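Each chain is listed here by its residues.
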Amino acid sequence: MRAHHEHYDGRGYPDGLAGQAIPLGARILAVADAYDAMTTDRPYRPACDPQWALAQLIHSAGSQFDPTVVEALVTMLASGQPALADCLSPDPAAEGRASLPGNRRLLPYAVG
């Protein structure tokens, strides 16, 4: 997604978009990508502690990241919601796409 490197304060790239001008999907992807990058092993470093990663996201909320999206992630993780990978199941009728079991919604809370 082109806009996921935009920063909430307008200092990102490629277009210098800020706030609500950044598409919601890009704002969500930016937070999810940063959290994943910090909490998974990389060839050059081990995974960081998830609480430390959340602290980094909270610290950057309002500058790099949409604070509402960061708050939604913190709320989801604190509530014990399963990770997306844990709740997706293959749907043979969806030709390789994944579906949520039990007809659950992907985001059970408002993100903005």
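Residues numbered from 1 in each chain as written. Predicted model: local features only at pLDDT ≥ 70, side-chain atom pairs only at ≥ 80, totals over all residues. Heavy atoms only, no water.

Caption draft 1: Main features of the side chain of H4. Mapped onto the elements of the fold, H4 is located in the segment before α1 (24-39). Of note is the side chain of H4, whose polar atom sits 3.3 Å from the side chain of H5. If we ignore the near neighbours within four places in the chain, the residues touching H4 are A26, L29, A30 and D33. (Helix = DSSP H or I, 4+ residues; strand = E, 2+ residues; numbered from the N terminus. Polar contact = N/O pair within 3.5 Å; in protein donor to acceptor, adjacent residues only side chain to side chain. Contact = heavy atoms within 4.5 Å.)

Caption draft 2: Highlighting the pattern of salt bridges. One pass over the structure, following the stated rule, counts four salt bridges. Residue R42 pairs with D36 through a salt bridge whose shortest N-O separation is 3.8 Å. Its relative accessible area of 29% is what places R42 among the partly exposed residues. With a relative accessible area of 39%, D36 lands in the partly exposed category. (Salt bridge = Lys/Arg side-chain N within 4 Å of Asp/Glu carboxyl O. Buried < 20%, exposed > 50% of the residue type's maximum accessible area, 1.4 Å probe, protein only.)

Caption draft 3: The confidence of the model for the protein, seen in detail. Per-residue pLDDT for the protein has a mean of 80; in total, 71% of the residues score no lower than 70. Contacts for the low-pLDDT stretch residues 94-112, under 50 throughout, to residues beyond four places or in other chains number 29 contacts. (pLDDT = per-residue confidence, 0-100.)

Caption draft 4: Main features of empty space enclosed by the protein. A complete count under the given rule lists one cavity of 30 Å³ or more for this structure. If you add up the space inside the largest cavity, you get close to 60 Å³. Taken together, the residues that form the lining of the largest cavity break down as six nonpolar, one polar and three charged. (1 Å grid on protein atoms, 1.4 Å probe; cavity = no way out; pocket = protein on both sides within 12 Å on 5 of 7 lines; lining within 4 Å. Points joined across faces, edges and corners; volume = space filled by probe spheres on them. Nonpolar A, V, L, I, M, F, W, Y, C, P; charged D, E, K, R; others polar.)

Caption draft 5: How the structure looks around unusual backbone geometry. Here the amide bond leading from Y13 into P14 is cis, since omega sits at 15 degrees, within 30 degrees of zero. Here P14 lies in the segment before α1.

Caption draft 6: Molecular detail of the nonpolar core. V31, Y35, L57, F65 and L73 are the most contacted members of the largest nonpolar core, which has 13 residues in total. With five residues, the top contributor of residues to this core is α1. Sequence-distant contacts of V31, that is, excluding residues within four places in its chain, are made with L57, F65, V69, V70 and L73. (Core = buried A, V, L, I, M, F, W, Y, C linked by side-chain atoms within 4.5 Å.)

Caption draft 7: A look at helix α2 (residues 50-60). Residues A53, L54, L57 and S60 constitute the buried set of α2. Projected down its long axis, α2 shows its buried positions confined to an angular sector of 130 degrees, all on one face. Exposed and facing more than 90 degrees away from the buried side of α2 are Q51 and H59. In this structure, the buried residues of α2 make contact with α1 and α3 (67-78). If you check the start of α2, you find a side-chain oxygen 3.0 Å away from the backbone N of Q51, and it comes from D49. G62, located one to two residues past α2, shows a positive phi value of around 95 degrees. (Arc of directions from axis to C-beta.)

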